[in-house]
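# Secondary and tertiary structure notes
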Amino acid sequence: MVPGLAYFLVFHYGAFVANAVAFKEYVPFDGLWASPWVGTENFSRMFGDPDFWHATWNTLFIAVLQLVFFFPAPLGLALLLHSLTSDLLRRFTQSVIYLPHFLSWVVVVALFQQVLSDTGLLNTFLSDSGLHIVDIIGNPDAYKPLVVIEVIWKDAGWGTIIFLAALMQVDEQLYEASAIDGAGPWRRFWHVTLPSIRPIIILLLIMRLGDILSVGFEQMLLQRQSVGPEVGEVLDTFVFWQGIVGGDTGYAAAAGLFKGVVGAALVFTANRIAHRLGEQGVYK
Amino acid sequence: MEKPRVATKAAKAVAVTVVLALVLIPFLVIVSTSLASNREVVDNGGWVLWPSDPTLRAYRTILNGGIVTKALGVSVGLTVLGTLFSLACTTFLAYALARPGVFGGKPVLLLILFTFLFPPGMIPAFLLVKGMGMMDTYAALVAPVLINVFNLIVLRGFFQGIPEELYEAARLDGAGDWQILWRIVLPLSKAALAVVSLFYAVSYWNAWFHASIYMESGHWPLSQVLRTYVIGGSQIADTGLSEAGMVSAPQTTQMAVLVIATVPILLVYPFLQKYFTKGVLTGAIKS
């Protein structure tokens, strides 16, 4: 128990305390503790910084896109898989669609670039067929949809695991009973399947809400360059760019802390709403 | 249930085929291109769906003892050692938290779950690693990510599912905690241990961000090399790795690096895949 506990104390709570740097003017030579306190100066500077608002706006926009397009994707896939009558085909499809989850973002981004860049697979095909090429990588307008499509490609398959398990636990008798009562496939889906897996959908939705400001740090960092910070910067890359590349440590820590506090507040709120609606939520 | 209609069946077949193609075709293209000859790649405009004359030249070039070979060594070492350390620490902690009546069990669990809700942040973590003098050491790539809370909860859930009678019987026979863990708990938890090891191994294998901020370029693991040379687009030839002129079609080399970074995952994947649902779900349900 001791090494594990020590890990959490040092690397989580230790780092937690080090958040104090958000209220300091960090001087590398003096180190964290000797650097002078500046109160909330970093925060007031942050709220007046247009770059920070750009990053926040991009984050929220991508988060909403993910919520609308990525969140239902595993559910849809799971329903499709669940409805397959061939066991072998279902297992094979499952093995294939879980796979991208285990690739690193570096591999996934490289893969998308090979397929979609102006000299990539898609455009070579288009120009060979005498059609116009489409610029997808490096096109600021395409960036946000692109990153959401990447997330869907990588993790929608993996996300089906939990829905499939929930679907398995739906009582067969309910289906039979409603079929006898004359409910067609759609009505059965609407009145039996969906209500049965509602708790798990809400649970995942709450967890997603708490994490809404984390839209995928590694993924964004890898691609921010191709469209520039105006479009590609999200809160996480903002923190990275200001603090670790730019050396503006206190300022970046303030932005990171802001993100953490808002995220935690969102989980509490979402959970409270879930309780109001009579759902179990993440915790009691 | 009644027989599904033909139209429904056809729609499903199309949907499944599209999903499978979307995942599999990129893989096929990468492997094929990495095996194609330079001429074929150039003729084809940068990619090949099925090489007419497969050659391992790209692999021979990059595995010639240059930067990729070295990074491969770093990645393998890091993955093996990191996984062992993480697995050991996670197992001990999960066991302690799974047994009733361990001193401080409940508060410690809350303490840990809280970090899940409120992660400390990138900058403080960076300052901490720097402050502990771990820059450019491999410890910087293992210590800060030693235990994953999700994996911990999965294992704890699994340990709790072992019948209490087994623990009691072992105690009556005079076994201590170490013996119980080693002789009873671990052999019964093979599925969960397999899943957790895979998750750790994959995350160590794929990690590049920490390497990019903590490590000098000479000590980079493979994924960071991949990032620089494939996504960043730098020529591997520039680093003096291969003789000039060897790499006339950079796509072949890039694809070969991609394949090398992916193959180990593809190799362990089929063996562990059957445990996924079981392992992931125990964790999900308990938490």
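Just so you know, these numbers come straight off a predicted model, no measurement behind them.

A count of helical and extended segments in chain B gives 15 helices and zero strands. With 287 residues in all, chain B has 49% of them scored as buried. Partitioning the contacts of chain B with sequence separation of at least 6, the portion at a separation of at least 24 is 71%. Element-wise, carbon and sulfur atoms account for 67% of the exposed surface of chain B, whose accessible area totals about 14,000 Å².

All names here are of chain A. Counted by the stated rule, this structure contains four salt bridges over all chains. Taking the shortest distance from any N to any O, the salt bridge between Lys259 and Asp236 comes out at 2.9 Å. Note that Lys259 is positioned in helix α15 (residues 249-276) and Asp236 in helix α14 (residues 235-245), a separation of 23 residues in sequence. Classification of Lys259 as buried rests on a relative accessible area of 15%.

Core analysis: the largest hydrophobic core is formed by 165 residues, its most contacted members being Ile147 and Phe159 of chain B. No other element matches the 15 residues that helix α9 (residues 140-168) of chain A contributes to this core. Those residues in contact with Phe159 of chain B that lie beyond four places of it in its chain are Thr91, Ala94, Tyr95, Ala98, Tyr167, Val185, Leu186 and Ser189 of chain B.

Moving on to the side chain of Thr56 of chain A. Relative to the assigned elements, Thr56 of chain A resides in helix α4 (residues 50-70). Within the structure, the side chain of Thr56 of chain A is placed 2.8 Å from the backbone oxygen of Phe52 of chain A, a separation counted as a polar contact.

The subject of this paragraph is the UniProt feature "transmembrane region" (unreviewed entry) in chain B. Per the UniProt record, the feature "transmembrane region" (unreviewed entry) sits at residues 71-96, 108-129, 141-159, 180-202 and 255-272 of chain B. Helix and strand shares over residues 71-96 of chain B are 100% and 0% respectively, and the end C-alpha atoms of the span are 37 Å apart.

What follows covers empty space enclosed by the protein. Applying the stated criterion across every chain yields a total of two cavities of 30 Å³ or more. Space inside the second largest cavity adds up to approximately 40 Å³. Lining the second largest cavity, in full, are Ser104 and Val107 of chain A together with Ser75, Trp205, Asn206, Leu222, Ser223, Leu226 and Ala261 of chain B. No other element matches helix α13 (residues 222-231) of chain B, which puts three residues into the lining of the second largest cavity. Grouping the amino acids of the lining of the second largest cavity by side-chain chemistry returns five nonpolar, four polar and no charged.

This part covers a nonpolar patch on the surface. The grouping of Val76, Val80, Leu81, Leu84 and Phe85 of chain B at the surface amounts to a nonpolar patch, some 480 Å² of accessible area in total. As for its position among the elements, Val80 of chain B is in helix α4 (residues 67-98).

In the numbering used here, UniProt assigns the feature "transmembrane region" (unreviewed entry) to residues 60-84 and 96-116 of chain A. Overall, residues 96-116 of chain A shows 71% helix and 0% strand. The separation of its end C-alpha atoms is 22 Å.

All right, on to the interface of chain A and chain B then. The partner chain B presents 74 residues to the 72 residues of chain A that form the contact. Interface area for chain A against chain B, summed over the two sides, is near 6,600 Å², with a carbon-plus-sulfur share of 81%. Put simply, chain A and chain B have zero salt bridges between them. The tally of links between chain A and chain B comes to four residue pairs in polar contact (both at pLDDT 80 or more). Looking at which element gives the most residues to the side of chain A that touches chain B, the answer is helix α1 (residues 2-17) of chain A, with 13 residues. Residue composition of the side of chain A that touches chain B, by class: 52 nonpolar, 17 polar and three charged.

Further remarks concern the environment of Val267 of chain A. Its place among the elements puts Val267 of chain A in helix α15. As a C-alpha pair, Val267 of chain A and Val108 of chain A span 159 residues in sequence and 29 Å in three-dimensional space. The contacts of Val267 of chain A, once residues within four sequence positions are left out, are Ile206 and Gly210 of chain A together with Leu117 of chain B.

Residues and elements named next belong to chain A. Relative to each other, α4 and α9 sit at 45°, their axes nearing to 10 Å. The angle between the axes of α4 and α9 places the two elements in the oblique class. For the crossing formed where α4 meets α9, the hand is right-handed. Along its contact with α4, which presents Asn58, Phe61, Ile62, Leu65, Gln66, Phe69 and Phe70, the element α9 presents Lys144, Pro145, Val147, Val148, Val151, Ile152, Asp155 and Ala156. Tallied by class, the residues present in the contact of α4 with α9 amount to eleven nonpolar, two polar and two charged.

So, how was this worked out
- Residues numbered from 1 in each chain as written.
- Chains lettered and ligands numbered in written order.
- Predicted model: local features only at pLDDT ≥ 70, side-chain atom pairs only at ≥ 80, totals over all residues.
- Heavy atoms only, no water.
- Helix = DSSP H or I, 4+ residues; strand = E, 2+ residues; numbered from the N terminus.
- Buried < 20%, exposed > 50% of the residue type's maximum accessible area, 1.4 Å probe, protein only.
- Contact = heavy atoms within 4.5 Å.
- Areas by Shrake-Rupley, 256 points an atom, 1.4 Å probe, with all protein chains shown as cover.
- Salt bridge = Lys/Arg side-chain N within 4 Å of Asp/Glu carboxyl O.
- Core = buried A, V, L, I, M, F, W, Y, C linked by side-chain atoms within 4.5 Å.
- Polar contact = N/O pair within 3.5 Å; in protein donor to acceptor, adjacent residues only side chain to side chain.
- UniProt positions renumbered as here; feature names shortened; annotations may be inferred.
- 1 Å grid on protein atoms, 1.4 Å probe; cavity = no way out; pocket = protein on both sides within 12 Å on 5 of 7 lines; lining within 4 Å.
- Points joined across faces, edges and corners; volume = space filled by probe spheres on them.
- Nonpolar A, V, L, I, M, F, W, Y, C, P; charged D, E, K, R; others polar.
- Patch = residues over 30% accessible without salt bridge, like charges linked within 9 Å, V, L, I, M, F, W, Y side chains within 5 Å.
- Buried area = accessible area lost by both parts, 1.4 Å probe.
- Axes fitted to C-alpha atoms, helices over the stretch in contact; angles between N-to-C directions.
- Parallel < 35°, antiparallel > 145°, perpendicular 65-115°, else oblique.
- Left-handed = near helix turned anticlockwise from the far one by under 90°.

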